[in-house]
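Commentary on secondary and tertiary structure
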Amino acid sequence: MFIFKSISRETRLSAADFRDVWTHYDADGNGFIEEQEIDKFLCDLFEAQGQIISKTDIASLKHTLLECYDTNCDGKIELSEMSRILPVEENFLLKFKIQNKPLTYPNFLRIWEYYDCDCSGRLERTELESFITDLIKTNKNIAIKSREMDLIMDEIYTHFDGNNNRTIEQEELKLILQVPANYLDHIELYKNLNKAEFNEIFEHYDRDKDGYLAGEELLEIVSDMMRKVEIDLTMEQLESLVEKVSRVIDTNYDGKISKRELSDLFFTSGQISPFHEPDSSSGSTGSET
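What comes next concerns the included structure. (Residues numbered from 1 in each chain as written. Predicted model: local features only at pLDDT ≥ 70, side-chain atom pairs only at ≥ 80, totals over all residues. Heavy atoms only, no water.)

**Section: the pattern of salt bridges**
Two side chains carrying opposite charge are able to pair once their charged atoms lie near each other. Overall, the coordinates contain twelve salt bridges when judged by the stated rule. Lys62 is the salt-bridge partner of Asp39, the closest N and O atoms lying 2.9 Å from each other. Of this pair, Asp39 sits in helix α2 (residues 35-47) while Lys62 is found in helix α3 (residues 55-69), placing the two residues 23 residues apart along the sequence. The exposure class assigned to Asp39 is partly exposed, which follows from its relative accessible area of 25%. (Salt bridge = Lys/Arg side-chain N within 4 Å of Asp/Glu carboxyl O. Helix = DSSP H or I, 4+ residues; strand = E, 2+ residues; numbered from the N terminus. Buried < 20%, exposed > 50% of the residue type's maximum accessible area, 1.4 Å probe, protein only.)

Here it is as structure tokens:
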């Protein structure tokens with residue numbers, strides 16, 4: 001029954017407890033809780049409350065759980081979705097840092113906008129203290145004394161405050177959180193992109209390897225495409241853009257983007273997509289360039 005023995009309606013999981021729950025049920029470490037992992041999660045959750053449920057009940061509960069919390073309808077539970085299911089102490093960073101994986105740019109944007117409370121474009125003293133408190137609690141569930149906070153702040157300003165204005169700006173926070181460079185920076189988009197290069201791009205963003213881009217995967221690739229041409233968007237603008245792009249290229253309206261559909265974004269200006277059948281009347285071969 002794992003950690004659920006200590007949960008009641010009145011208690012909330014600490015950041016450390018939630019991390020333990022996630023890593024326990026995400027048995028294969030792929031960043032999702034899938035079919036059999038969900039079954040085990042539900043079984044343990046109810047047994048901890050002294051209730052034994054049948055396989056039929058588990059199947060019904062799983063259907064209800066996915067219907068309510070699986071926001072991108074992929075049949076799996078992501079970390080952010082799990083944080084809505086369990087009673088968790090408020091710690092915004094928990095949902096992003098727990099997986100010990102590189103931080104995607106959309107998640108970085110969410111973090112930035114959450115802690116930049118006044119939308120000033122910089123984290124000032126109180127905002128930075130809130131960020132540091134959550135960051136430390138994500139890894140070690142400990143309280144920080146006032147003197148310790150002062151020392152941490154001084155260290156952060158020394159190492160990351162490049163313009164010495166005693167605030168942390170967006171580029172400086174990227175360094176603190178070690179946000180990876182834009183994957184598309186090393187790729188010449190729209191210039192004779194061949195099939196192998198396009199496959200490499202698609203496979204990079206297809207995080208769950210299901211052959212489609214959806215949800216966070218689409219947010220990530222569109223945000224990287226915008227950053228490649230030096231267009232900075234807010235999270236709201238990014239989500240709106242992804243919605244508009246999806247309406248155009250999701251030709252079968254299934255809510256996810258196939259490799260062929262994505263190729264319409266990359267092969268433009270007269271280029272022939274290698275994922276489309278050639279027009280026999282034109283004599284085009286559709287071969288790689």
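Moving on, there is more to tell.
**Details of helix α11 (residues 216-228)**
For α11, with 13 residues, the first-to-last C-alpha span of 18 Å sits near the 18 Å given by 1.5 Å per residue. Along α11, ten of the 13 residues are buried, which leaves the element largely enclosed by surrounding structure. Of all the positions in α11, only Glu217, Leu218, Leu219, Glu220, Ile221, Val222, Ser223, Asp224, Met225 and Arg227 are classed as buried. (Expected span 1.5 Å × (residues − 1).)

**Here's the deal with helix α13 (residues 259-266)**
Three or more residues of α13 are buried, namely Glu261, Leu262, Ser263 and Phe266. Residues of α13 that are buried sit in contact with α10 (195-205), β3 (212-213), α11, α12 (235-249) and β4 (257-258). (Contact = heavy atoms within 4.5 Å.)

**So, the nonpolar core**
In terms of nonpolar packing, the biggest core is built from 45 residues, with Leu128, Phe131, Leu173, Ile201, Ile221 and Phe266 touching the most fellow members. Of all the secondary-structure elements, those providing two or more residues to this core are α6 (105-115), α7 (125-139), α8 (146-160), α9 (170-177), α10, α11, α12 and α13. Here the element with the most residues in this core is α6; it accounts for six residues. Residues Phe18, Ile38, Leu66 and Leu86 belong to the second largest nonpolar core, which totals 17 residues. (Core = buried A, V, L, I, M, F, W, Y, C linked by side-chain atoms within 4.5 Å.)

**Digging into unusual backbone geometry**
Of note, Asn164 is a non-glycine position whose phi angle comes to about 55°, a positive value. Tracing the backbone through its elements, the reader meets Asn164 in the loop between α8 and β2 (168-169). Of note, the phi angle at Glu230 is positive, near 60°, even though the residue is not glycine. As for its position among the elements, Glu230 is in the loop between α11 and α12. We classify Glu230 as exposed; its relative accessible area is 72%.

**Comments concerning the environment of Arg166**
Looking at the element boundaries, Arg166 is found in the loop between α8 and β2. Here the alpha-carbon distance between Arg166 and Asp154, two residues twelve residues apart in the chain, equals 9.1 Å. Dropping the residues within four chain positions of it, Arg166 is found in contact with Asp154, Tyr157 and Asp161.

**Things to note about the side chain of Glu127**
Summarising the element assignment, Glu127 is placed in helix α7. Within the buried core, Glu127 has no salt-bridge partner, and the shortest N-O distance to an opposite charge, that of Arg122, equals 8.2 Å. At a separation of 2.9 Å, a polar atom in the side chain of Glu127 contacts the main-chain amide nitrogen of Glu124. If near-sequence neighbours (up to four positions away) are discounted, Glu127 is found in contact with Tyr115, Asp116, Cys117, Asp118 and Arg122. (Lys, Arg positive; Asp, Glu negative; His and termini not counted. Polar contact = N/O pair within 3.5 Å; in protein donor to acceptor, adjacent residues only side chain to side chain.)

**Looking at the packing of aromatic side chains**
Inspection of the entire model under this criterion finds five aromatic pairs. Between Tyr105 and Phe108, the ring centres sit 5.9 Å apart and the planes meet at 35°, which makes this aromatic pair tilted. Of this pair, Tyr105 and Phe108 both sit in helix α6, three residues apart, which is roughly one turn of the helix. As far as the burial class goes, Tyr105 and Phe108 line up, both buried. With a centroid separation of 5.9 Å and 85° between ring planes, the pair formed by Tyr183 and Tyr205 is classed as edge-to-face. Of this pair, Tyr183 sits in the loop between α9 and α10 while Tyr205 sits in helix α10; the two residues are 22 residues apart in sequence, bridging distant segments of the chain. Taken as a pair, Tyr183 and Tyr205 share a single burial class, namely buried. A network of ring pairs unites the aromatic residues Tyr114, Tyr115 and Phe131 as a single cluster. (Phe/Tyr/Trp six-rings, centres within 6.5 Å; stacked < 30°, edge-to-face > 60°.)

**Topic: the packing of α6 against α12**
Two elements in contact, α6 and α12, have axes separated by 10 Å at closest approach and are oriented at 145°. In contact with Pro106, Leu109, Arg110 and Glu113 of α6, α12 contributes Met235, Leu238 and Glu239. Its residues assigned to classes, the contact of α6 with α12 comprises four nonpolar, no polar and three charged. (Axes fitted to C-alpha atoms, helices over the stretch in contact; angles between N-to-C directions. Nonpolar A, V, L, I, M, F, W, Y, C, P; charged D, E, K, R; others polar.)

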